[in-house]
Amino acid sequence: MRMADCIFCKIIKGEIPSQKVYEDDKVYAFHDINPVAPTHILIVPKKHLAGVYELEEGDRELMGHIFYVARKIAEDLGFSPAQDPTRGYRLVVNSGSQAGQTVFHLHVHLLGGREMTWPPG
Ligand code: AMP
Ligand code: ZN
């Protein structure tokens with residue numbers, strides 16, 4: 001897919017509206033349009049990568065940054081077990097259509113606000 005056609009690239013550029021949660025020079029985070037938990041946020045790199053399967057060696061720091069941002073957002077929302085050991089949240093990265101990926105711009109789902117089950121569907 002060309003970046004020009006990518007829905008998340010358009011959201012990052014402000015061409016499609018979104019409910020922004022966090023932004024810095026490398027990362028954009030916003031509320032999922034079809035939440036599957038009381039809180040459902042997507043954290044995406046501003047750099048277009050289709051998925052984890054396109055990561056290159058130079059992207060390792062970027063992925064670490066995304067997970068650090070996830071930690072900070074979860075703490076802002078009060079979901080962190082570091083704050084309250086009874087709380088928790090789930091980070092999900094669907095990678096490929098068989099795994100349930102539908103938008104082919106790498107994103108980390110941050111799910112919180114309810115009990116989670118395992119294994120996922
Ligand atoms: P995945 O199935 O892992 O590729 O996740 C894609 C996610 O993007 C789904 O949870 C969708 O609800 C979400 N999504 C699709 N379009 C939008 C949009 N315009 N704004 C916010 N979230 C979206
Ligand atoms: Zn994109």
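That block above? That's the structure.
These notes cover the structure that comes with them.

Reading the values: rules and limits
- Residues numbered from 1 in each chain as written.
- Chains lettered and ligands numbered in written order.
- Predicted model: local features only at pLDDT ≥ 70, side-chain atom pairs only at ≥ 80, totals over all residues.
- Heavy atoms only, no water.
- Helix = DSSP H or I, 4+ residues; strand = E, 2+ residues; numbered from the N terminus.
- Contact = heavy atoms within 4.5 Å.
- Donors = N, O, S within 2.8 Å, 3.2 Å for Na, K, Ca; no water.
- Tetrahedral: all angles 85-135°; square planar, octahedral: opposite > 155°, others 65-115°.
- Near = heavy atom within 4 Å.
- Polar contact = N/O pair within 3.5 Å; in protein donor to acceptor, adjacent residues only side chain to side chain.
- Areas by Shrake-Rupley, 256 points an atom, 1.4 Å probe, with all protein chains shown as cover.
- Phe/Tyr/Trp six-rings, centres within 6.5 Å; stacked < 30°, edge-to-face > 60°.
- Buried < 20%, exposed > 50% of the residue type's maximum accessible area, 1.4 Å probe, protein only.

### A short note on the environment of asparagine 94
Consideration 1: You can see asparagine 94 is positioned in the loop between β4 (89-92) and β5 (108-112).
Consideration 2: Put simply, asparagine 94 and histidine 109 are 15 residues apart on the chain and 8.6 Å apart in space, counted from C-alpha to C-alpha.
Consideration 3: Those residues in contact with asparagine 94 that lie beyond four places of it in its chain are Ala99, Gly100, Gln101 and His109.

### Remarks on the coordination of the zinc ion (ligand 2)
Consideration 1: Coordination of the zinc ion (ligand 2) by the protein comes from Cys6 (SG), Cys9 (SG), His48 (ND1) and His105 (ND1), over a distance range of 2.0 to 2.3 Å.
Consideration 2: Coordination at the zinc ion (ligand 2) is tetrahedral: its 4 donor atoms span angles of 106 to 116° at the metal.
Consideration 3: Written as a sequence motif, the donor residues of the zinc ion (ligand 2) are C-x2-C-x38-H-x56-H. Taken together, the positions of histidine 48 in the loop between β3 (39-45) and α2 (60-76) and histidine 105 in the loop between β4 and β5 put the pair 57 residues apart, joining distant regions of the chain.

### Here we look at the site of ligand 1
Consideration 1: Near ligand 1, the surroundings consist of 17 residues, among which Asp32, Asn94, Gly100, Thr102 and His109 are the closest.
Consideration 2: Taking isoleucine 33, its main chain carries an N or O atom lying 3.1 Å from a nitrogen atom of ligand 1.
Consideration 3: In this structure, an oxygen atom belonging to ligand 1 sits 2.9 Å away from a side-chain N or O atom of asparagine 94.
Consideration 4: Contact with the protein chains removes 85% of the 510 Å² of surface that ligand 1 exposes when unbound.

### What about the packing of aromatic side chains?
Aromatic ring pairs are described here by two measures, namely the spacing of the ring centres and the angle between the planes.
Consideration 1: All chains considered together, the criterion is met by 2 aromatic pairs.
Consideration 2: Centroid distance phenylalanine 8 to phenylalanine 30: 5.4 Å. Interplanar angle 80°. Geometry classified as edge-to-face. Placement of phenylalanine 8 in helix α1 (residues 7-13) and of phenylalanine 30 in strand β2 (residues 27-31) is noted, with a sequence separation of 22 residues between them.
Consideration 3: Judged by its relative accessible area of 3%, phenylalanine 30 falls in the buried class.
Consideration 4: Ring centres of tyrosine 28 and phenylalanine 30 lie 5.8 Å apart, and the angle between their planes is 40°; this geometry places the pair in the tilted category.
Consideration 5: Through a chain of ring-to-ring contacts, the aromatic side chains of Phe8, Tyr28 and Phe30 assemble into a single cluster.

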